[in-house]
Structure formats: structure tokens, C-alpha cells
Amino acid sequence: MENLQLGTQWDKTFPRSEQVEHKKVTFHNRYGVTLAADLYAPRGVDGLLPALAVSGPFGAVKEQASGLYAQKMAEKGFLTIAFDPSFTGESGGFPRNVASPDINTEDFQAAVDLLSVQENVDPERIGIIGICGWGGMALNAAAIDPRIKATVASTMYDMTRVTAKGYFDAEDSEQARFEKRKTLCAQRTADYKNGTYARAGGVVDPLPTDAPDFVKDYYAYYKTERGYHPRSLNSNDGWNVTSSLSFLNMPILQYSQEIRSAVLVIHGDKAHSCYFSRDAYAKLTGDNKELMLIPGAVHTDLYDNLDVIPFDKMAAFFNEYLK
């Protein structure tokens, strides 16, 4: 682990906590991509600590919601890292602005690699937190990596399901998927010819008056002073158009029923995305799984609303299962 030369200014969308020490670090994944992270540690605490790796939302950066989660959990006694997934933010990898169900699951495992070798971390007490689209990635990582002893999926999306089937599975047909494949693969040809990758655009701006409520919620977070960040894909030009291709072909929750470690799934019961958590939870097995629905909360409330995000519950969950 080494310090990044990325400046020392506080570049987060949330205030700095005086209870926590912070520094920037790098690590690498199994594919050789260098990942950038913010490390948060409880100030003045000695001995081996339980540790957490945090990432998400999908299209966000570590200076947004994941950093807030990491800092709050460090206040509660955990050593935490919030990392930028491969190809995004301050992390490496080319092409830029692309996601992968395989590589992004590996990013979580690489974060566990890093935490496992820290002198002040107990390698038997490591958990992960995935927010939004990285909630699904976190469950996928928990399915493959027994070193992960506890997982929180917060306001999760299953990005492979929504890509292949559309919202609420409204596009779940062979023909609909074929049309997506034609469009995306035609874009591949155009990108190769042009030597650049067309961008899909982030959260729509200006906001149409007839936009769905959840799009208005995204705008209120990503496009305003509340949550805007210059490196965030959702705040700016978005993913590459072709980024979602592999999500059409590789469902990430294939083996989630085989997760033996503890899982806490958290969602707002008024969120448009709540069905992802309900269905993911229904597939989990064992008596160490829990679904927590937050009354009245929408999807983005769990990004930064400190009155809604159940940090005390998460701390109790990790303290129980990271023994």
C-alpha cells in the first residue's frame, strides 16, 4: 500500500470528520489495474481492527456516497476504504468509463487483498458494503470469496438484470435483448472506426418536467451542490455507450444462494429499485441473512441522508458477524 500523489485537499461531497484519520492509498487487482481509495481509520484506536471495503453507487466516485459510508463506519471503530472501481475516478485501467460484472467483482476481492495484509487489521474480520449497482457486485463478491465474513448491500441494483430485462423486467424478451445487442454492437463498430468511445451521458440535464420521480431524485443528488463531483460519471458525461454489453450476458447473482457468510440488505420501501433487494434477499439462504426496509425512503435517500441511512444497524451487524 502506498500513498497516492493526488493532492491532500479535502475533495469530498461530505464534511470531514475529526474523529477519523484519512489518507489516500492505492492497490491493484488481479487484472493489474491500479485502484485508488480513501482510507479512513478511527483516530487514536490501537490494536487489530475489523475492516470494511466500500464502493458505489454505479457511476459515482469514492468522494460521494461510498466515502460518506466509509467515514461514518470508521467513526464506529472500523478501518475502512472507499475505492473507485476499475476504469473510473482516480483508478486506472483503459478504456475509461466502462464497467464489467467480472472485473468490478474482482475489485471488491482486491480490496479484501489489501485489507488482509494491513498490520492493524484482523484478516478474519473483513466485510464489504456495496451501494446501488455495487450492492449487486458485493453479493457477487460474497458468493465467490469466503474471506468476506459479512456483506451489506444498500439500495442495491442488480445491474445485469436491469440491463438484460429493463426496469421491472418490462423488456424481458429475446427480441428486446436482440435489439439492444444490435444497437450496442453497431456502436462498437462506430467506436472502433472513430478511435474513441461514445459516451452515454450522465443524469439527464436539463431535467425534463415529465421526468420520473426517481430521475428527479438522481438529478437532485448528482447534478446539484448536494452530491456533484467532477469525476463522477453520473454527474457528467456518463459511461461509454457500450459499457453495458457484458451485463446483457452475465447475470451476477447466479450463485448468491450459496453465500454462507452474513448478509444485510437495506432498501427504502418507496424506492423504485426496492424490488431488486426484495428479490435478491428471497434468493439468499441461511439464518444469517436480513432484509431491512426503511419506511418512506427513496433510492437516493440511502446515498447521503444521515436521518435515513442506518449506520448504527450496520455497525451492530458487522460487530456481530466480524468476531
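Since this is a predicted model, take the numbers as computed values, not measurements.

A. Empty space enclosed by the protein, seen in detail. Going through the model one piece at a time under the given rule, you end up with one cavity of 30 Å³ or more. Taken as a whole, the largest cavity encloses approximately 40 Å³ of empty space. Gly59, Ala60, Val61, Pro85, Thr88, Gly89, Trp134, Arg231, Ser232, Leu233 and Trp239 are the residues that line the largest cavity. In terms of residue class, the lining of the largest cavity is built from six nonpolar, four polar and one charged.

B. The side chain of aspartate 158, seen in detail. Within the element layout of this structure, aspartate 158 appears in the loop between strand 7 (150-154) and helix 4 (159-165). Buried charge aspartate 158 goes without a salt bridge, the closest partner of opposite sign being arginine 161 at 5.8 Å. One polar contact links aspartate 158 to threonine 160, side chain to side chain, over a distance of 2.6 Å. For aspartate 158, the side chain forms a polar contact with the main-chain nitrogen of arginine 161, separated by 3.1 Å.

C. Layout of the pairing of strand 6 (residues 121-131). Of all eleven residues that make up strand 6, eight are buried, and the element is covered over most of its length. Across six bridges, the pairing between strand 4 (residues 49-55) and strand 6 is parallel. The residue bridging leucine 49 from the neighbouring strand is valine 121, located in strand 6. Pairing between strand 6 and strand 7: five bridges, direction parallel.

D. Inspection of the pairing of strand 5 (residues 79-83) at higher detail. Among the five residues that make up strand 5, five are buried, leaving the element largely enclosed by the rest of the structure. Residues Leu79, Ile81 and Phe83 point to one face of strand 5 and Thr80 and Ala82 to the other, with burial holding for every one of them. Here four bridges tie strand 4 to strand 5, and the two strands are oriented parallel to one another. When the sheet's bridge partners are listed, valine 54 is paired in strand 5 with alanine 82. For the crossover from strand 4 across helix 1 (residues 65-75) to strand 5, the handedness is right-handed.

E. Up close: the pattern of salt bridges. Going through the model one piece at a time under the given rule, you end up with 25 salt bridges. With a shortest N-O distance of 2.7 Å, aspartate 145 and arginine 147 are connected by a salt bridge. The exposure class assigned to arginine 147 is partly exposed, which follows from its relative accessible area of 29%. Taken together, the shared-partner salt bridges connect Asp11, Lys12, Lys24, Asp38, Lys62, Glu63, Asp84, Glu90 and Arg231 into one network.

F. Structural detail: the environment of asparagine 104. Residue position: asparagine 104 is located in helix 2 (residues 101-116). On the accessibility criterion, asparagine 104 (1% relative accessible area) is buried. Each C-alpha atom of the pair asparagine 104 and glutamate 174 lies 26 Å from the other, and the pair is 70 residues apart in sequence. For asparagine 104, the residues in contact, after removing those within four places along its chain, are Pro85, Ser86, Ala99, Trp134 and Met137. At 2.8 Å, the side chain of asparagine 104 and the backbone nitrogen of serine 100 are in polar contact. Within the local environment of asparagine 104, its side chain forms a polar contact with the side chain of aspartate 107, the two groups lying 3.1 Å apart.

How each quantity is defined
Each chain carries its own residue numbering, running from 1 in the written order of its sequence. Two thresholds apply to this predicted model, a pLDDT of at least 70 for residue-level local features and 80 or more for giving and counting side-chain atom pairs, whereas whole-chain, interface and lining totals are computed over all residues. Computation of side-chain values: all heavy atoms of the structure, hydrogens and water removed. Points on a 1 Å grid, built from protein atoms alone, make a cavity when a 1.4 Å probe fits but cannot get out and make a pocket when they are open with protein on both sides within 12 Å along at least 5 of 7 lines; residues with an atom within 4 Å of a point are the lining residues. Grid points are joined across faces, edges and corners, and a volume is the space filled by probe spheres set on the points. In the scheme used here, Gly and all other residues not listed as nonpolar or charged are polar, with Ala, Val, Leu, Ile, Met, Phe, Trp, Tyr, Cys and Pro taken as nonpolar and Asp, Glu, Lys and Arg as charged. Only DSSP runs of H or I covering at least 4 residues are called helices, and only runs of E covering at least 2 are called strands; the numbering of each starts at the N terminus. Partly exposed describes any residue whose relative accessible area lies between the buried limit of under 20% and the exposed limit of over 50%, with all areas from a 1.4 Å probe on protein chains only and scaled to the type maximum. Think of it this way: Lys and Arg go in the positive column, Asp and Glu in the negative one, and His and the chain ends go nowhere. For salt bridges, the criterion is a side-chain nitrogen of Lys or Arg within 4 Å of an Asp or Glu carboxyl oxygen. Here a polar contact is recorded for every N or O atom pair within 3.5 Å, except that within protein the pair must consist of a potential hydrogen donor and a potential acceptor, and residues adjacent in sequence are included only if both atoms are side-chain atoms. Pairing between strands requires that DSSP locate at least two bridges from one strand to the other. Note on handedness: a crossover is taken as right-handed if, strands pointing away from the viewer, the path from the first strand over the helix to the second is clockwise. Residue contacts are defined here by distance: any two heavy atoms, one from each residue, within 4.5 Å place the two residues in contact.

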